[in-house]
Amino acid sequence: MKVGILTYHRSNNVGAVLQNYALQQVLNKYGVENETIDYKCDFIEQNNRILFGKNLKANLKKLIELNTLIKREHKFKEFRKKYLLISPKVYSQSSIQNSNEIYDLFISGSDQVWNMKLNREDYNYFLKFVKDDSKKIAYAASFGYSVIPNEYEENTLNYLNKFKYISVREKQSKELLANYNIKSDVVLDPTLLLDSNKWEKIIKNLNIKKKFIFIYMVAYTPEILNDAIKYGKKNNCDVYCMHYNYKNFNNVKNVRSVSPDEFLYYIKNAEIVFCSSYHAVCFSILFKKKFFVALDTSVNNNNSRINTLLSNLDLNERIFEKNKEYNDEIDYRNTFIKLEKLKDDSFKFIEKTIMERNA
């Protein structure tokens with residue numbers, strides 16, 4: 001049996017690429033032949049390209065960060081080439097149906113693949129191109145919104161009802177599906193299915209000598225930035241800030257072209273992690289780091305996946321509060337007892353859905 005994985009592997013986002021790597025490693029562990037389908041979503045490809053349009057302000061921003069964008073693109077290409085098994089054939093929206101001849105099973109998920117705002121209504125991520133509905137599985141898929149927008153609802157439900165098995169990575173998505181009488185399981189993001197020693201094998205050593213704090217801001221949260229800087233001064237630590245703002249932040253070492261394996265180094269070796277990122281939380285837990293996460297305060301936030309994970313592991317106290325005392329350590333013994341149970345549940349879903357076809 002050969003499994004094709006459909007996800008956002010071409011996105012220059014550390015979480016998207018690392019979850020893809022993790023899912024492949026899990027399938028390898030089960031002896032399942034698999035590869036990531038090299039699918040080009042038009043809208044995501046457009047976002048990755050360094051294009052200049054008619055908007056002068058947008059063009060100026062791109063000029064300012066041009067070197068950063070080029071470096072990031074190069075690093076991600078190198079990581080994919082080294083660590084991901086990707087199909088030799090590249091597929092487009094018009095040719096993706098040809099993959100039916102290659103794969104015996106299709107897995108969509110482990111990212112916001114069902115967020116139609118992110119991919120501009122590309123319903124191929126609902127596996128609409130797969131001819132046999134019994135070959136459709138969703139693993140740890142996510143919507144990125146709490147309510148399906150009206151303009152996407154009809155198509156979304158139509159394609160969801162054709163899946164053989166569905167799992168999602170947050171409680172909110174399970175409840176959303178239940179409102180439409182669609183059954184699903186909540187499973188862990190694939191990154192959490194690999195032990196820390198597996199991740200350590202692919203860390204890129206940056207040889208930073210001085211103690212440092214690591215900040216990763218996806219949602220812009222200035223309060224966590226300010227408190228991290230204060231913490232660094234108080235504890236004589238450098239402060240590295242990974243972000244995607246076109247302007248540098250003051251009083252930190254700005255790192256804006258970080259590869260996935262460099263990202264792992266920053267998390268693993270930081271004295272403390274401050275973040276507004278789901279995958280920064282995942283890896284902070286795996287590496288047993290002290291961390292705090294700021295929730296996104298925007299209306300259309302994606303906090304559900306963070307809240308679900310923290311709640312399941314009894315780590316709600318790690319939600320950032322301004323001017324908080326940051327000296328409390330985390331007793332990870334209880335955390336990992338709960339994590340192992342969640343891992344077992346996730347592996348059972350994989351065994352039930354994927355291995356039954358491989359029997």
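Preceding this section is the structure that the text describes.
What you see is a predicted model, and the numbers here were worked out from it, not measured in a lab.

Criteria and thresholds
- Every chain begins its residue count from 1, and numbering advances along the sequence as written.
- Local features in this predicted model are restricted to residues of pLDDT 70 or higher, and side-chain atom pairs are both shown and tallied only at a pLDDT of 80 or more, whereas totals for entire chains, interfaces and linings draw on every residue.
- With hydrogens and water stripped out, all remaining heavy atoms of the structure feed into the side-chain values.
- The helix count covers DSSP runs of H or I at least four residues long, the strand count covers runs of E at least two residues long, and both are numbered beginning at the N terminus.
- The atom set for the radius of gyration is the C-alpha atoms, and the globule formula is 2.2 Å times the number of residues raised to the power 0.38.
- Remark: exposure states derive from per-residue accessible area (1.4 Å probe, protein chains only) relative to the maximum for the residue type, with buried under 20%, exposed over 50%, and partly exposed in between.
- Here a residue-residue contact requires only that any non-hydrogen atoms of the pair lie within 4.5 Å.
- Note on areas: Shrake-Rupley, 1.4 Å probe, and residue coverage restricted to the protein chains presented here.
- Paired strands, as defined in this entry, are two strands with at least two bridges between them according to DSSP.
- Look down the strands so they point away from you; if going from the first strand over the helix to the second traces a clockwise path, that crossover is right-handed.
- For this document, the term salt bridge refers to a Lys or Arg side-chain nitrogen within 4 Å of an Asp or Glu carboxyl oxygen.
- Detection works on a 1 Å grid of protein atoms alone, calling trapped sets that fit a 1.4 Å probe cavities and calling open sets with protein on both sides within 12 Å along at least five of seven lines pockets, with lining residues defined by an atom within 4 Å of a point.
- Grid points are joined across faces, edges and corners, and a volume is the space filled by probe spheres set on the points.
- We call Asp, Glu, Lys and Arg charged. Ala, Val, Leu, Ile, Met, Phe, Trp, Tyr, Cys and Pro are nonpolar, and the rest, Gly among them, are polar.

Enquirer: Which parts of the structure should I look at to understand the overall build of the protein chain?
Expert: Looking only at helices and strands, the protein chain features 13 helices and twelve strands. The globule rule puts the C-alpha radius of gyration for 359 residues at 21 Å, and the 20 Å found for the protein chain is close to it. In terms of overall dimensions, the protein chain has C-alpha extents of about 60 × 55 × 40 Å along its principal axes. Evaluated residue by residue, the protein chain yields a buried proportion of 55% over its 359 residues. If you take every contact in the protein chain between residues at least 6 apart in sequence, the share linking residues at least 24 apart comes to 76%. For the protein chain, the accessible area works out to roughly 16600 Å², and carbon and sulfur atoms hold 45% of it.

Enquirer: Teacher, can you tell me more about the pairing of strand β6 (residues 165-168) here?
Expert: Both faces of the sheet carry side chains from a regular strand, because those side chains alternate between them. Here strand β5 (residues 136-141) pairs with β6 via three bridges, running parallel. Residue pairing for β6: Ala 141 is matched across the bridge by Val 168. Crossover β5 to β6 through helix α6 (residues 150-160) is right-handed. Sheet topology places β6 next to strand β7 (residues 185-186); two bridges connect them, and they run parallel.

Enquirer: I keep staring at the environment of Asp 42 and nothing clicks. Help me out?
Expert: Along the chain, the position of Asp 42 falls in helix α2 (residues 42-48). Taking the relative accessible area as the measure of exposure, Asp 42 reaches 47% and is therefore partly exposed. Considered as a pair, Asp 42 and Asp 122 are 80 residues apart in the sequence and their alpha carbons are 8.6 Å apart.

Enquirer: Before we go on, may I ask you to explain the side chain of Ser 99 in this structure?
Expert: The topology assignment puts Ser 99 in the loop between β3 (86-91) and β4 (105-109). Ser 99 has contacts with Tyr 91, Phe 106 and Phe 129, leaving out every residue within four places of it along the chain.

Enquirer: Got a minute to help me understand the pattern of salt bridges in this structure?
Expert: As a working rule, side chains carrying opposite charge can pair if their charged atoms are close by. Inspection of the entire model under this criterion finds 17 salt bridges. In this structure, the salt-bridge partner of Lys 204 is Glu 262, at a minimum N-O distance of 3.8 Å. One end of the pair, Lys 204, is in the loop between α8 (196-200) and β8 (212-216); the other, Glu 262, is in helix α10 (residues 260-269), with 58 residues separating them in the sequence. In this structure Lys 204 comes out as partly exposed when scored by relative accessible area, which is 39%. Each of Lys 75, Lys 204 and Glu 262 takes part in one network of salt bridges that share partners.

Enquirer: Help me out: how do you make sense of empty space enclosed by the protein in this one?
Expert: Rolling a probe over the atoms, with the probe sized like a water molecule, indicates the empty space that remains. Counted according to the given criterion, the structure contains one cavity of 30 Å³ or more. The space that makes up the largest cavity amounts to roughly 30 Å³. Forming the walls of the largest cavity are Thr 7, Tyr 8, His 9, Arg 10, Tyr 39, Cys 41, Ile 44, Glu 45 and Tyr 125. A class-by-class count of the residues in the lining of the largest cavity yields five nonpolar, two polar and two charged.

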